[in-house]
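Remarks on the overall topology
Chain by chain, the residues:
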Amino acid sequence: MQPKPFINLKFKNTTMKRIWNLIIVLAMVPLFTLTSCKKDEPEAVNAYTTLKAYMVTNNMDLPDLAKNWIIDPKSTAMGGPIDSVTSTMPGYHVFDIRPATDYATGHIKNSINVPLKDVVTVAANYTDKPICVVCFTGQTAGQAVMALRLSGYANAVVLKWGMAGWNASFNTPWTSKSGATNGNIAVGNTNWVTTAPAANGNFVEPVWTSTATDGAAILKERVQAVLDAGFVPASADEVLANPANYQIHNYWPIEDYTTFGHYSGAYNTPVISLAGDLVKHFDPSKDALIYCYTGQTSSIASFWMNVLGYKTKGIAFGANRLVYDQLKAAGKPVYKGAKNWAVVTD
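Residues numbered from 1 in each chain as written. Predicted model: local features only at pLDDT ≥ 70, side-chain atom pairs only at ≥ 80, totals over all residues. Heavy atoms only, no water.

Helices and strands together make up the secondary structure of the chain, namely 14 helices and eleven strands. Within the chain, contacts between residues separated by at least 24 positions form 75% of all contacts whose residues are at least 6 apart in sequence. Of the roughly 17,700 Å² of accessible surface on the chain, 57% is carried by carbon and sulfur atoms. (Helix = DSSP H or I, 4+ residues; strand = E, 2+ residues; numbered from the N terminus. Contact = heavy atoms within 4.5 Å. Areas by Shrake-Rupley, 256 points an atom, 1.4 Å probe, with all protein chains shown as cover.)

Structure, rendered in structure tokens:
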């Protein structure tokens, strides 16, 4: 009988361990390679710079978009936007963005009830005529109109004063916050001054990221994000009580800044624009407030700023809440009641 060959079990086990160790090492090489390459990858592109370039190229600067953006319901000229016989706006698709319960109490004939967040989506079904947006006061409508204009609906407009300008049944939001009785809260207040403006700051640009990479897609994403966030303006009363708590921008000409007065510490920012980098007057790390005569223009401006990644709010009812009598005496925009066009409930 031939003797069995001698097998060195210790050698065999050692050899197998070495083989398995080698396999594990070879398997891990790609992982080490991928990990080590990360430090050589380019940094994420700042979406703000891409969006800014796209908006400049496509004439979407704020001064370009904030033109001919409002219709006064008191317009009665022949051929004007409102049909005096039917109390309709035949040249427009009217989007009423008030809650459904308020829409049901009375609305413009042929108007369409559309939630603020859906105005751009719904607008795609109404492209044969321009869109007029209606809300309670004309302030929330400014948000919708800027969203529409940034989305290609260049002729979208706000109904001035909202339903409060259309029919007196809906005037409470304005009469409770403006007029001789309720619109002069700044008069005699030590936080309302007529001093010369301080020099505007010059801050860095906002930095943020996007799931999109090209300008058009980033813009679409940002517009919807700001719509989804809703509209909550700042209270003029709260700001007047503690103006030092805010970064405030007076969106008026310089002569009105000193004539009618302004919040103590407010900057005078009559032009907000990408041109000349005037947006850099806003500190992107802080909440900023913008106010105008009525709160309608500042609503449009604040939406545009927020699309760019700033954190801004309009001050509700603007200076109509603060120095109404002075504005009225000077012929500036003030709420003077409704035209009393008819409304329907069907």
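What follows continues from the structure just given.
Next up on the list: the packing of aromatic side chains. Per the counting criterion, the structure on display carries 13 aromatic pairs. Ring geometry for W174 and Y335: centres 5.7 Å apart, planes at 15 degrees, overall stacked. Here the residue W174 occupies a position in helix α8 (residues 172-175), and Y335 occupies one in the segment after α14 (324-329), the gap between them amounting to 161 residues. Each member of the pair, W174 together with Y335, is buried. Following the ring pairs from residue to residue traces out a cluster consisting of W192, W252, F260, Y263, Y291 and Y293. Note that R98 overlies the ring of F170, its terminal NZ or CZ placed 5.4 Å from the centroid. The aromatic ring of W341 is capped on one face by K339, whose charged end is 5.8 Å from the ring centroid. (Phe/Tyr/Trp six-rings, centres within 6.5 Å; stacked < 30°, edge-to-face > 60°. Buried < 20%, exposed > 50% of the residue type's maximum accessible area, 1.4 Å probe, protein only. Lys NZ or Arg CZ within 6 Å of the ring centre and 35° of its normal.)

For R149, the location among the structural elements is in helix α6 (residues 140-150). Look at R149: it is buried, it has no salt bridge, and the nearest opposite charge is D64 at 9.9 Å. There is a polar contact of 2.6 Å between the side chain of R149 and the backbone oxygen of L65. Non-local contacts of R149, meaning those with residues more than four positions away in its chain, are made with L65, K67, N68, W69, A154, N155, A156 and V157. (Lys, Arg positive; Asp, Glu negative; His and termini not counted. Salt bridge = Lys/Arg side-chain N within 4 Å of Asp/Glu carboxyl O. Polar contact = N/O pair within 3.5 Å; in protein donor to acceptor, adjacent residues only side chain to side chain.)

Structurally, A168 is set in the loop between α7 (163-166) and α8. With residues up to four places along the chain from it excluded, the contact list for A168 reads A338 and N340.

The tally for this structure, following the rule as stated, stands at seven salt bridges. K52 is the partner of D277 in a salt bridge, and the nearest nitrogen-oxygen pair spans 2.7 Å. Of this pair, D277 sits in the loop between β9 (267-268) and β10 (288-291) while K52 is found in helix α2 (residues 47-57), placing the two residues 225 residues apart along the sequence. Across the pair K117 and D118 runs a salt bridge whose closest N-O atoms are separated by 3.2 Å. Given a relative accessible area of 22%, D118 falls into the partly exposed group. Because the salt bridges share partners, they merge into one network encompassing K52, E205, D277 and K280.

A rise of 1.5 Å per residue sets the reference length of helix α10 (residues 215-229), with its 15 residues, at 21 Å; its end C-alpha atoms lie 21 Å apart and thus fit the reference within 8%. Those residues of α10 not exposed but buried are G215, I218, L219, R222, V223, V226 and L227. Seen end-on, α10 carries its buried residues on one side only, within an arc spanning 165 degrees. Facing away from the buried side of α10 by more than 90 degrees, the exposed set consists of K220 and D228. Buried-residue contacts for α10 involve α2, α5 (119-123), α6 and α13 (296-307). Where α10 starts, the residue carrying a side-chain oxygen 3.3 Å from the main-chain nitrogen of A216 turns out to be D214. Positive phi appears at G230, one or two residues downstream of α10, with a value of about 80 degrees. (Expected span 1.5 Å × (residues − 1). Arc of directions from axis to C-beta.)

Glancing now at a positive patch on the surface. There is a patch of like positive charges on the surface, built from K74, K328, K336 and K339. Relative to the helices and strands, K328 is located in helix α14. (Patch = residues over 30% accessible without salt bridge, like charges linked within 9 Å, V, L, I, M, F, W, Y side chains within 5 Å. Charge placed at Lys NZ, Arg CZ, Asp CG, Glu CD.)

To continue, consider the side chain of S302. By secondary structure assignment, the location of S302 is in helix α13. Given a relative accessible area of 1%, S302 falls into the buried group. Apart from the residues lying within four places of it in its own chain, the contact partners of S302 are Q143, I290, T312, K313 and G314.

In short, the description is geometric, and any link to function would need to be established separately.
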